[in-house]
Structures are given as structure tokens and as C-alpha cells.
Amino acid sequence: MPRKFRPETNSGKTILLVDDDREYLEATRLILEREGHRVVSCDNGRSALSHIRSTNVDLLLLDYFMPGMSCEEVVSELRSFNAHLQIILQTGYASEHPPRELLRRLDIQGYYDKSDGPEKLLLWTDVGLKASEAVQSLTKSRLGLNYILSATPELYRIQPLDDLLRGILCQVSGLLGSSHSFLAVMQPPLADAPTESFLAMVEGDGDALRIRAGVGRFSPRLGESSEIPAELSDRIKSYVRRGEFLPETDQTIVPLRVGDALIGIIYLDSPLTQVPDMELLRVFANQAAVAIQNSQLYEIATVDTLTGVFVRRFFSQWVERELKNACRSRKPLGFVMLDIDGMKSINDSFGHLAGDKALEEVGAALRESTRSSDFVGRFGGDEFSIVLPDSDEGGLSIVTERLMRNIRKRAVPGPNGPVALSASVGVAVLLPPDEDGEFEYGAYSEYFRRLAFRVQKAADTSLYEAKSLGRDRLGKTNVLTWPDPKEIMRLDGALSLE
């Protein structure tokens, strides 16, 4: 036969051959291996099922007549946990079992009469493997789209840009199984690049890419540059402005576009050879690009560029939101007010640039010291405020100790050397409402606006107590019970902490 002299190649396919005839197993195995297939042999149905449960198989060649466990029993149990594996039935008694009836009854994909010889076996094998490839491609596309749909809500969740970018890269790696990758995004004109990052942004006029999020060997390490490796930089730059999807022999570059605007790229150090992989990545990249742009615009509108925490107006809105959440969940809510010690002296003695540096350092310390669920805002000047969901006195004590310690580690440059920073801190806790209470007033914004004023005023009172004791002090925790709506609505005067 011509096939006998065909040079061996590796098809990348695994075939499970099941037959109780040892001689037939060996002869058939040799024929299939000459075609480049990996062949695993079993002489009974039970061991075949065990193998399928633990190992990926592309095609099952199954003998009809076997002792112990019949072909029909094997197929029935197999379909209970694997609905897609392609099965070619083999039998030496074809006249007793009409093929079309067996295909329908057993949910199999092919029928081979052993008396037809090896050429017909190879024909059925090719048919089964092509069908298997098509089913696997459809299954992968379906699973990939489900993955993207499940990941999309996380993309559009309000979160820091760097967290979003790291999340996108992890999702890309999960979607495609890439071991080494990085994500690069364009920097909008009004956004400031963070001092530390795990992603690559195009800075200035768009000529320089810097890694902002990395996986594997592209993960930035402390003290190392986040520049793109030189061997990749030129190639990537040549495609940045073209914005084309680029699968190459050893890497993949995917543009992140919103309309006509290119905001960045995703780089993978492995090629994508399958069309479904490319299409899935295109779909995900479109979602990711819009989420990145939304996050950038959100940060421009809500984040203080100097300190990296939220501006006061947005922070005040968030406080009311957290109060409503605490009302529904009946959990305590913690508040912290913080004032940088000696800020006027820093500005007067070392200049306003040193003052800006002090604000920047304290903002970084606050972000470092809080959870992702906590909310940090710049209350005004050198004052900051933090709202901490589900935090009682014990939790607040841990947080305030950590943030004061982290602030002490930071300094601003002075003429005679670094000047250490410190802060005075005030704390308040709002206890959860009575579990037996009915809070029909929960929809009234004015109630929660007044409640926000009350708890922040309590934290501010604690702060002034701390400042009266000297530098680097923590005030007494003011504990508030959840107020009755009629009582709190009797508050007179303007609600202001100024």
C-alpha cells in the first residue's frame, strides 16, 4: 500500500484503541502510529473509561464485542461524563448490526467493519479526527465566549486602573493559557503615569511604551526598569500605530482600540495558530479597551492626581453609598480623619514643592495601608478621610496603626537631609442598626447626607483631640449608634465641617 512508505510525522492527535484481541491491537497500533498518531491501547472497557477520565483523547476506536463490559455499556457510561468524544465502532460481524441503526442508538460517529482492511480503517480514522477537531474548536469557542461574558462584569467594576490592567492580563492568560505576556496601554493626555506599575503605557507623544502589567518573565521586579526589552521594542513600535492584529511565528501583538483610537496593545510571547483563538482574543480585546478607557476617564474625573486618592466631592458621594450599604447589611462602618503634622512648616521652610511631595507620600502610604474595599479621599488641604466598610473598633485599630507606621517611613527632602513625616489621626465607628428595626427611610438621601455629616464630624472631633496632644497621635475612638431618623432630621444649621 502507498501509505506503508509514507514518512512518519507527528499529527498531534491521540487515539484510544480498545479491543480484546491482542494481535489486532498491535497490528492496528503500528498502522496508526505510521500515520503520526499517538496510540494508547486498552483490552477492556473499564480501563478505557478510566483512561478517558484522566487523559485527553481525540478519538476512540472501540471494539463491539468485548468480555466483561460490552460496547454499549462503555458508550453509555462515557456519555454520562463526556458528550463530545468522537467514537468509531469496530466489529467483525457487521451483518448482525446494521450501521445506521448503531449510529443512532449508541450516539457514535462511525462504523468500521474489520474485514474491509486497513485502508478503510484509516479513512474512518481521518473522518473521526476531523470531526473531533471541529467539535473541539466549537467547544473551545463556546467556553471562551462564556469566559469572556463572565469576565466582563469584573472589567467594568469601579477599580484602580492598575488593578484593572493586571486583571485583564490574568484573564488573557486564562483565556489562552499564555505563560509569558504583558499589556501596554496608551496614556491619555490628562493622566499621570503612576510611579510604580506592572504595565506599559505610551507616554508623551506616543513614542515610548512602558510595561504596566506583566506575567511570567515580563513581571516587573523591584528596582528594575519597566521598559520593554530591547529585542521586542522595535518590532512592537512598528505595529503600535498600525493597530493590526499580528500573530507571528513566535509572538502575538493585539491592539486595544476604541473606535479609531489605539489605546494600547496586548503582547503574548506565543503565536496563535487557531482561528477561534484569534477571534476570542479580538472579542476580549474590544471589551478590555473600552474598560481601560472608561477607567482612565473615571480616574481623571474622580482621583486627585497629586495624592492618588479620590477628590472630596466624589468621596462624599461614596460615603453616603456606604452608609446605605451598612444600613442594608447591618454591619459596622469605620471612619478615619487624618491631618499631616507640620504641613505649614514644611511649606514655609522648604517650599511648596516639598509640600506637594509630602502630600504625594502620604497619599501613597494611605493607599498602601488600606484594603481594596476601603475608600480614601482627600478631604481638603492636608486632610484625608477614609471610610472602611465592615470595620469595628478592633479593625480600625489595626488599620490606623498600620497607616501611621507607613507614614513614619516616608520623608521629604530638606536642606539638611530628609524630613520625616507623621500624621495625627481621628477615628469614629458607626455601629450597625438594630436587627429588629425597619428602615423605611432608607431611600431618603437627606437622611444619609445628615448621617454622613454626623459620623465624619465624630471622626473630626477625634482628630482635633489627637492634634491637641501633639504630633503623631491617635485620638479616642468615638462610637456612634445608628440614629433614629426623627432625631437626626432635627439637626439645624448648615452641614459643614469647614
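To continue, consider helix H2 (residues 45–54). Within the span of H2, buried status applies to Gly45, Ala48, Leu49, His51 and Ile52. Seen along its axis, H2 keeps its buried residues to an arc of 160°; they face one direction. Summarising the geometry of H2, the exposed residues directed more than 90 degrees from the buried face are Arg53 and Ser54. N-cap assignment for H2: the residue whose side-chain oxygen lies 3.2 Å from the backbone N of Arg46 is Asn44.

Attention now goes to the packing of helix H9 (residues 312–329) against helix H13 (residues 445–468). Look at H9 against H13: their axes get within 9 Å of each other, and the N-to-C directions meet at 105°. Here H13 runs roughly perpendicular to H9, going by the angle between their axes. Contact with H9, carried on its side by Phe315, Val319, Glu320, Leu323, Lys324 and Cys327, involves Ser445, Phe448, Arg449, Leu451, Ala452 and Gln456 of H13 and no other residues of that element. Among the residues making up the contact of H9 with H13, the classes are represented as seven nonpolar, two polar and three charged.

This brings us to the pattern of salt bridges. Per the counting criterion, the structure on display carries 19 salt bridges. In this structure, Arg22 and Asp43 form a salt bridge, with 2.7 Å as the shortest nitrogen-oxygen distance. In this pair, Arg22 sits in helix H1 (residues 22–34) while Asp43 sits in the loop between strand S2 (38–42) and H2, placing the two residues 21 residues apart along the sequence. Among the residues examined, Arg22 registers a relative accessible area of 59% and is labelled exposed. The shortest N-O distance in the salt bridge between Asp339 and Lys467 comes to 2.8 Å. Of this pair, Asp339 sits in strand S13 (residues 333–340) while Lys467 sits in helix H13, and the two are 128 residues apart along the sequence. Judged by its relative accessible area of 33%, Lys467 falls in the partly exposed class. Beyond isolated ion pairs, a larger network of salt bridges with shared partners links Lys357, Glu361, Glu368 and Arg410.

Further remarks concern the nonpolar core. The biggest cluster of nonpolar side chains holds 28 residues, and the ones touching the most others in it are Leu323, Phe335, Leu430, Leu451 and Trp482. Those elements that place two or more of their residues in this core are H9, S13, strand S14 (375–380), strand S18 (423–430) and H13. The element best represented in this core is H13, accounting for eight residues. If you look at the next biggest cluster of nonpolar residues, it comprises 27 residues, including Leu338, Ala365, Leu388 and Leu421.

Reading the values: rules and limits
Per chain, residues are indexed from 1 in the order of the written sequence. Given that the model is predicted, a residue must reach a pLDDT of at least 70 before its local features are reported, and side-chain atom pairs must reach 80 or more before they are shown or counted; all residues, however, enter totals for whole chains, interfaces and linings. Processing note: side-chain calculations cover all non-hydrogen atoms of the structure and skip hydrogens and water entirely. Burial classes follow relative accessibility: with a 1.4 Å probe on protein chains only, a residue under 20% of its type's maximum area counts as buried, one over 50% as exposed, and anything between as partly exposed. Strands are runs of DSSP state E lasting at least 2 residues, helices are runs of H or I lasting at least 4, and numbering of each runs from the N terminus. By arc we mean the arc of the directions from the helix axis to the C-beta atoms, nothing more. Here a polar contact is taken to be a pair of N or O atoms separated by no more than 3.5 Å, where protein atoms must pair a possible hydrogen donor with a possible acceptor and residues adjacent in sequence count only if both atoms sit in side chains. A fitted line through C-alpha atoms represents every axis, and for helices the fit uses only the stretch in contact; the resulting angles, taken between N-to-C directions, go from 0 to 180 degrees. We call two directions roughly parallel when the angle between them is under 35 degrees, roughly antiparallel when it is over 145, roughly perpendicular when it lies between 65 and 115, and oblique otherwise. When checking whether two residues touch, look at their non-hydrogen atoms; a contact exists if any pair is within 4.5 Å. Here the term charged refers only to Asp, Glu, Lys and Arg, the term nonpolar to Ala, Val, Leu, Ile, Met, Phe, Trp, Tyr, Cys and Pro, and the term polar to all other amino acids, Gly among them. We define a salt bridge as a contact between a side-chain nitrogen of Lys or Arg and a carboxyl oxygen of Asp or Glu at a distance within 4 Å. We define a nonpolar core as any set of buried Ala, Val, Leu, Ile, Met, Phe, Trp, Tyr and Cys residues linked to one another through side-chain atoms lying within 4.5 Å.

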